[in-house]
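Coordinates in review
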Amino acid sequence: MTNRTAPAEKTEGKWKFGDLLRDAQVRDRWEKVRKYFFLRESTYDMTNRCNIRCDGCYYYEGEKQFAPENRDPGAWRERMHKEKERGITYVVLAGAEPSLVPELLETCFEVMPLGSIATNGFRLIPPAIGYKIHISVWGNDETSRRVRNAANLLERQLDNYDGDPRAVFVYTFTKQNIREIGEVAERIAGRNGKLTFNVFSAPVGYEGPLRHDRASLEETRRAMLEILARHPASVLFSNYSAMAHTHGLGLHALYGCSYPRRNASTDIGLGRSFRQYRADLTWDRSVACCVPDTDCDDCRHYAAGSAVVTARLFRHASDPDTFRSWLDYVDTYLAVWVMGYEKGENLCDRLVDPPGFSMK
Ligand code: SF4
Ligand code: SF4
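So, a few notes on the structure that sits alongside this text.

Overview of the pairing of strand β2 (residues 90-94)
Burial analysis of β2 places five of its five residues in the buried class, which makes it a mostly covered element. Judged by which residues are buried, β2 turns out to be covered on both faces: Tyr 90, Val 92 and Ala 94 on one side and Val 91 and Leu 93 on the other are all buried. By the bridge criterion, five bridges tie strand β1 (residues 41-45) to β2 in an arrangement that is parallel. Each residue of the ladder has a partner; that of Glu 41, found in β2, is Tyr 90. Of the pairings in the sheet, the one linking β2 to strand β3 (residues 115-119) comprises three bridges and is parallel in character.

Here we look at the packing of aromatic side chains
In the structure shown here, the tally under the stated rule is 20 aromatic pairs. An angle of 75° between the planes, with centres 4.7 Å apart, marks the rings of Tyr 259 and Phe 274 as edge-to-face. Of this pair, Tyr 259 sits in the loop between α10 (251-255) and α11 (269-273) while Phe 274 sits in the loop between α11 and β7 (276-277), placing them 15 residues apart in sequence. Of the two residues, Tyr 259 and Phe 274, neither departs from the other in class, the shared state being buried. Taken together through their ring pairs, the aromatic side chains of Phe 17, Trp 30, Phe 37, Phe 314, Phe 323 and Trp 326 make up a single cluster. Its end group placed over the ring of Tyr 60, Arg 53 keeps NZ or CZ at 3.9 Å from the ring centre. Its guanidinium or amino end placed over the ring of Phe 122, Arg 156 lies 4.3 Å from that ring's centre, counting from NZ or CZ.

Things to note about the packing of helix α7 (residues 181-190) against helix α8 (residues 214-230)
At a closest axis distance of 11 Å, the pairing of α7 and α8 adopts a crossing angle of 30°. The angle between α7 and α8 falls in the class roughly parallel. Crossing of α7 over α8 shows right-handed handedness. In contact with Ile 181, Gly 182, Ala 185 and Glu 186 of α7, α8 contributes Ala 223, Ile 227 and Arg 230. Across the contact of α7 with α8, the residue classes break down as four nonpolar, one polar and two charged.

The rules we used
- Residues numbered from 1 in each chain as written.
- Chains lettered and ligands numbered in written order.
- Predicted model: local features only at pLDDT ≥ 70, side-chain atom pairs only at ≥ 80, totals over all residues.
- Heavy atoms only, no water.
- Buried < 20%, exposed > 50% of the residue type's maximum accessible area, 1.4 Å probe, protein only.
- Helix = DSSP H or I, 4+ residues; strand = E, 2+ residues; numbered from the N terminus.
- Pairing = 2+ DSSP bridges.
- Phe/Tyr/Trp six-rings, centres within 6.5 Å; stacked < 30°, edge-to-face > 60°.
- Lys NZ or Arg CZ within 6 Å of the ring centre and 35° of its normal.
- Axes fitted to C-alpha atoms, helices over the stretch in contact; angles between N-to-C directions.
- Parallel < 35°, antiparallel > 145°, perpendicular 65-115°, else oblique.
- Left-handed = near helix turned anticlockwise from the far one by under 90°.
- Contact = heavy atoms within 4.5 Å.
- Nonpolar A, V, L, I, M, F, W, Y, C, P; charged D, E, K, R; others polar.

Structure representation (structure tokens):
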């Protein structure tokens, strides 16, 4: 979340920023989200093991999977203190599977109280660890068994995180599971769970059946909008989120990715402060992003978007609907990533183009 919401460009176009804020609803939302401009993120692989094995997992691509685990809580405590010193305020704990090392999660939480954990939800992360918990859902139970080798996964996830305010279920749309979202959303909403959407982004070199094409992206967009309308209290998403993540062009082409892997500048924002630590607590700037070893041309990942889209404030300050759409996007990501942040009603009820591109 480094500079996820901080200004990175100069205003262009005929609307002045003050004009856009004249509407009271828009101004209130702006004031609500700008309180979080202080968030500065880095990410950490907590372990190199996983208790399931999914087709298309980006962790088991590239070099990071071979890093040996550092399981010394003292080393992690020291790292967290150093991260704080260099201005990091938000941690994303991922892996392979972080729930396998609860003692390290606890250590991180003691020093760095803001953050989130990406988990498959198979094992409960102890309630005392007060991070947001993102539980990955890749389809219905049958698909999970086929693609992730995990039986009754959704039931298990729902039982583990029943009524847990930390939990957000993250449905990853692949080319194959688009039509399953209806039944999955029904089950999550039926248990009062929160749900958001991700789009499968192929790891480098992946040519398997989950990779999207133009038709599946369009179908995904339609499904997202339909489910958002059907379950407004459960689904944390917006029209603009659907637009940005299902466009034929990936996030880098549309917005210009700010993570070091695609951004040579070390002057400001993510380029200066973002690091992606491996399980041995080393990091490599040349591959550093929140989803390393993902194919940048196919990157539509929700975690990437929450930094890349939100950093483009002034590009979206071009007219009222585009700015409202951007506010909806930021409001959505804060509700997904920050404990205690409540999503407001979306401000823009139509699809707007990404700045400089058409929506097709
Ligand atoms: S649960 Fe996550 S880390 Fe484990 S194999 Fe699946 S995608 Fe990879
Ligand atoms: S994979 Fe996505 S987030 Fe990572 S550098 Fe490429 S475009 Fe950016």
